[in-house]
Number of protein chains: 4
Amino acid sequence: MHGYTANKDDYLKRLRRVEGQVRGIAKMVDEDKYCIDILTQVSAATKALQSVALGLLGDHLACCVVDAARAGGPEANEKITEATDAIARLVRS
Amino acid sequence: MHGYTANKDDYLKRLRRVEGQVRGIAKMVDEDKYCIDILTQVSAATKALQSVALGLLGDHLACCVVDAARAGGPEANEKITEATDAIARLVRS
Amino acid sequence: MHGYTANKDDYLKRLRRVEGQVRGIAKMVDEDKYCIDILTQVSAATKALQSVALGLLGDHLACCVVDAARAGGPEANEKITEATDAIARLVRS
Amino acid sequence: MHGYTANKDDYLKRLRRVEGQVRGIAKMVDEDKYCIDILTQVSAATKALQSVALGLLGDHLACCVVDAARAGGPEANEKITEATDAIARLVRS
């Protein structure tokens, strides 16, 4: 059981769509489509991936981090540090 | 008392530095410096601001969110939603 | 012929790799892997997509925009505006 | 003369506003305002800085890069590489 388990089907559907977007971008490159049109699709796929990440992160905070905070002890601090590092990677990617 | 209170002096010092960076960028524009050199300074100031934001967010999770999680009730969920929204604004800015 | 034509095989290889990364992320969700590990993979895929976008944009500037600038006329301005808009979408995604 | 010279006053005005925003954020920290409200202001200042950067970059492409492309020779390639590197720093910041 994870924070995202309740929304698993939704995440899987969104990820399959991103996979299709990336395959579509490769097809555009292969068929020599116009660079700017390809870039528009890359921006859309990046935004979709980021949106999945924000969803997973929200579910993680709402579930795993809250549980750890309630349990207390050093594990609570570890979970917070771990989540903060993941947020930093996301902001910088 | 907030999550960042213990590090307040450090944040103030970093923000004064960013303020100086932005003033320096305005001076570069005023003195007709080369565009690319100005852009390099804008990227540096943006990175410094983001780093302050990530620090504040980590302190907030470690303190306010953990406290709310322990107290439980609807306020815990509200704090998580609020933090998640702030993270989304940060990732998209 | 586009700016990226000379590097087409390289872009196709990188995009296939991103496609595989996204499929791997879906598999991790399906197999209930730990949220933070999934987020690490999402950040990596986002970075890889952005790097493809920056490559395509550089090739576009070096080729199509330079050609338009040399040809002159209103088309040169249009190409610059179009490229600037694509950069803005990229920075904001 | 640079690409941004015609819009210099506008950039100076926007940068003074960002400087004021950053000073306001320091004041909020100093007065122990709520973390999430501070983060909202940091996101706004970051967005404002990015918007200045995108403007400067567009002016740079429209002017210096176009001029270099017309002049031709190795300098044209150098200008394109330099602009592409600046865009990469912006996207990653």
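Everything below is about the structure printed above this text.
The text that follows walks through the structure, step by step, so that each part is easy to find. Note that the coordinates shown come from a computational prediction; the quantities given were computed from them, not determined experimentally.

Analysis parameters
- Residues numbered from 1 in each chain as written.
- Chains lettered and ligands numbered in written order.
- Predicted model: local features only at pLDDT ≥ 70, side-chain atom pairs only at ≥ 80, totals over all residues.
- Heavy atoms only, no water.
- Contact = heavy atoms within 4.5 Å.
- Buried area = accessible area lost by both parts, 1.4 Å probe.
- Salt bridge = Lys/Arg side-chain N within 4 Å of Asp/Glu carboxyl O.
- Polar contact = N/O pair within 3.5 Å; in protein donor to acceptor, adjacent residues only side chain to side chain.
- Helix = DSSP H or I, 4+ residues; strand = E, 2+ residues; numbered from the N terminus.
- Nonpolar A, V, L, I, M, F, W, Y, C, P; charged D, E, K, R; others polar.
- Patch = residues over 30% accessible without salt bridge, like charges linked within 9 Å, V, L, I, M, F, W, Y side chains within 5 Å.
- Areas by Shrake-Rupley, 256 points an atom, 1.4 Å probe, with all protein chains shown as cover.
- Lys, Arg positive; Asp, Glu negative; His and termini not counted.
- Charge placed at Lys NZ, Arg CZ, Asp CG, Glu CD.
- 1 Å grid on protein atoms, 1.4 Å probe; cavity = no way out; pocket = protein on both sides within 12 Å on 5 of 7 lines; lining within 4 Å.
- Points joined across faces, edges and corners; volume = space filled by probe spheres on them.

1. Regarding the interface of chain C and chain A
Across the boundary between the two partners, chain C contributes 46 residues, which contact 46 residues of chain A. Taking both partners together, chain C and chain A bury about 4300 Å²; carbon and sulfur atoms supply 69% of that area. Viewed at the interface, chain A and chain C are joined by four salt bridges. One salt bridge connects Glu19(C) with Arg23(A), and the closest N-O pair in it is separated by 2.9 Å. Counting across the chain C and chain A interface gives 18 residue pairs in polar contact (both at pLDDT 80 or more). If you list the elements that add at least two residues to the side of chain C that touches chain A, you get α1 (8-30), α2 (35-71) and α3 (74-92) of chain C. In terms of residue class, the side of chain C that touches chain A is built from 25 nonpolar, nine polar and twelve charged.

2. Here we look at a positive patch on the surface
Side chains of Lys47(A), Arg92(B), Arg92(C) and Lys47(D) sit close together on the surface and give a patch of like positive charge. Here Arg92(B) is to be found in helix α3 (residues 74-92).

3. Notes on empty space enclosed by the protein
Counted by the stated rule, this structure contains one cavity of 30 Å³ or more. Considered as a void within the structure, the largest cavity measures approximately 100 Å³ in volume. Taken together, 18 residues make up the lining of the largest cavity; nearest its centre are Val91(A), Val91(B), Ser93(B), Val91(C) and Ser93(D). Counting residues per element, the ones that place at least two in the lining of the largest cavity are α3 (74-92) of chain A, α3 of chain B, α3 of chain C together with α3 (74-92) of chain D. Tallied by class, the residues present in the lining of the largest cavity amount to six nonpolar, eight polar and four charged.

4. Some points on the pattern of salt bridges
Evaluated as defined, the whole model comprises 24 salt bridges over all chains. We note a salt bridge from Arg14(B) to Asp10(B), for which the minimum N-O separation is 3.4 Å. Linking Arg14(B) with Asp10(B), this pair stays in helix α1 (residues 8-30), spanning four residues, or about one helical turn. Each member of the salt-bridge network shares a partner with another, and the members are Glu19(A), Arg23(A), Glu19(C) and Arg23(C).

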